[in-house]
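Below, each chain spelled out in residue letters.
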Amino acid sequence: MIKEVILNGRAVEYTLVRKKVKNINLRIDAGKITVSCGPRVSVGTVEDFMRSKSNFILAAIEKTLKRVDNSGRPSSYDNGERVKVWGEWCVIKVTKLPNNLKRGRVIFNFPVIELQVANPLDLNDRMRTYEKWKQGMVKGKLDEMTHYYYNLMLPRLTARRCHDLVDIRYRLMKSKWGVCRPTLGIITYNYNLFETPQEAAAYVVVHEICHLLEANHSDRFYAEVAKVLPDWKLRRSLLNTY
């Protein structure tokens, strides 16, 4: 149920979800607000709660919208759309695929990303072609980074009898840039690292490899990160803007 409330003089839409919960819960994702509460909680009570959190809610909306804007991820995949490739702004150009080719392809000549597709007016065609190219670019770069830093850290990993790196995987994730399963030797990266600067992506790579040494986020863990990337705090701050 979509409703509207006035917060500090500003009209704000939110989605109200009723379910079996004891408290009023609020979530803000990409500038969109979702409030969940029990079936007997009145709308007035919900909106009084939201008004009491007005400053926090409005600040969080602005922060998430800035992050979305900075991400540089495509939405229309159409001519002139600006997107980021490893932190650098580029522009999409859509052209018709040559008749002798059957599958869409991307020709990247920085800063132009040329999408050659069978039907330039078909959003799904443009999106499939771009995303397939993006995934290939991410795998190539992060595989290379991971093997480089893993080999750099191998003496310490061997001395500590850590699990070998068995597999590197990729998927889209909403709230994490990477995940390491130390007992299995598996690291998974978020495809959306593609839009971040390579310095920030390298921090994620080293961060996840260090979990083979330390499974938590203790001082010992960050000491291991610092041995490889002394400027890791700056890199993490850069990553947090995406």
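Residues numbered from 1 in each chain as written. Predicted model: local features only at pLDDT ≥ 70, side-chain atom pairs only at ≥ 80, totals over all residues. Heavy atoms only, no water.

A. A look at the layout of surface pockets. Taken as a whole, the second largest pocket holds about 190 Å³ of empty space. Lining the second largest pocket we find Arg103, Gly104, Arg105, Asp125, Arg128, Thr129, Lys132 and Trp133. By residue class, the composition of the lining of the second largest pocket is one nonpolar, two polar and five charged. (1 Å grid on protein atoms, 1.4 Å probe; cavity = no way out; pocket = protein on both sides within 12 Å on 5 of 7 lines; lining within 4 Å. Points joined across faces, edges and corners; volume = space filled by probe spheres on them. Nonpolar A, V, L, I, M, F, W, Y, C, P; charged D, E, K, R; others polar.)

B. Examining the nonpolar core more closely. Among the nonpolar cores identified, the biggest contains 47 residues, and Ile113, Tyr130, Leu142, Tyr149, Leu157, Tyr189 and Ile209 are the most heavily contacted of them. Those residues in contact with Leu157 that sit more than four places away from it in its chain are Tyr150, Cys162, Ile209, Leu212 and Leu213. (Core = buried A, V, L, I, M, F, W, Y, C linked by side-chain atoms within 4.5 Å. Buried < 20%, exposed > 50% of the residue type's maximum accessible area, 1.4 Å probe, protein only. Contact = heavy atoms within 4.5 Å.)

C. Representation of unusual backbone geometry within the structure. Residue Pro111 is bonded to the preceding Phe110 through a cis peptide linkage, with omega at 5°. Summarising the element assignment, Pro111 is placed in the loop between strand 7 (105-109) and strand 8 (112-117). Even without being glycine, Asn8 reaches a positive phi, approximately 50°. Within the fold, Asn8 resides in the loop between strand 1 (2-7) and strand 2 (10-18). Judged by relative accessible area, Asn8 falls into the exposed class, the value being 54%. Unlike most non-glycine residues, Arg161 shows phi in positive territory, near 55°. For Arg161, the location among the structural elements is in the loop between helix 3 (123-159) and strand 9 (167-171). (Helix = DSSP H or I, 4+ residues; strand = E, 2+ residues; numbered from the N terminus.)

D. Focus on the environment of Lys174. Counting through the fold element by element, Lys174 comes out in the loop between strand 9 and strand 10 (178-181). Of the residues examined, Lys174 reaches a relative accessible area of 85% and is grouped as exposed. In the structure, Lys174 is positioned 145 residues away from Asp29 in sequence and 9.6 Å away in space, judged by C-alpha atoms.

E. A look at the pairing of strand 11 (residues 186-190). Counting buried positions along strand 11 yields five of five residues, so the element is predominantly enclosed. Of the two faces of strand 11, the one holding Ile186, Thr188 and Asn190 and the one holding Ile187 and Tyr189 are both buried throughout. Sheet topology note: the strand 9/strand 11 ladder contains five bridges and is parallel. The residue of strand 11 that forms the bridge with Arg169 is Thr188. Bridging between strand 10 and strand 11 involves four bridges; their strand directions are antiparallel. Its bridge partner being in strand 11, Gly178 is matched across the sheet by Tyr189. (Pairing = 2+ DSSP bridges.)

F. Region of the structure containing the environment of Glu62. Inspection of the secondary structure assignment puts Glu62 in helix 2 (residues 54-71). A residue is classified by how much of its surface remains accessible, and Glu62, at 35% relative accessible area, is partly exposed. For the pair formed by Glu62 and Tyr150, sequence separation is 88 residues and the distance between their alpha carbons is 38 Å. At a separation of 3.1 Å, a polar atom in the side chain of Glu62 contacts the side chain of Arg10. (Polar contact = N/O pair within 3.5 Å; in protein donor to acceptor, adjacent residues only side chain to side chain.)

G. Up close: the pairing of strand 1. Judged from the six bridges that link them, strand 1 and strand 2 form a sheet pairing that is antiparallel. What sits directly across from Leu7, in strand 2, is Arg10. Hairpin connection, strand 1 to strand 2: the antiparallel pair is bridged by two residues, and Asn8 has positive phi, about 50°.

H. Inspection of the packing of aromatic side chains at higher detail. All told, the structure shown has twelve aromatic pairs when counted by the stated rule. Where Phe108 meets Trp133, the ring centres are 5.5 Å apart and the plane angle is 65°; that geometry is what we call edge-to-face. On the criterion of sequence distance, the pair formed by Phe108 in strand 7 and Trp133 in helix 3 is long-range, its members being 25 residues apart. When its relative accessible area of 14% is taken as the criterion, Trp133 is described as buried. On the basis of an interplanar angle of 20° and a centroid distance of 4.7 Å, the ring pair of Tyr222 and Trp232 is categorised as stacked. Here Tyr222 is found in helix 5 (residues 219-228), whereas its partner Trp232 is found in helix 6 (residues 232-239), with ten residues between them in sequence. Taken together, the aromatic side chains of Tyr77, Trp86, Phe108, Phe110, Tyr130, Trp133 and Phe194 make up a single cluster linked through ring pairs. Over the face of the ring belonging to Trp89 we find Arg82, whose NZ or CZ atom lies 4.2 Å from the ring centre. (Phe/Tyr/Trp six-rings, centres within 6.5 Å; stacked < 30°, edge-to-face > 60°. Lys NZ or Arg CZ within 6 Å of the ring centre and 35° of its normal.)

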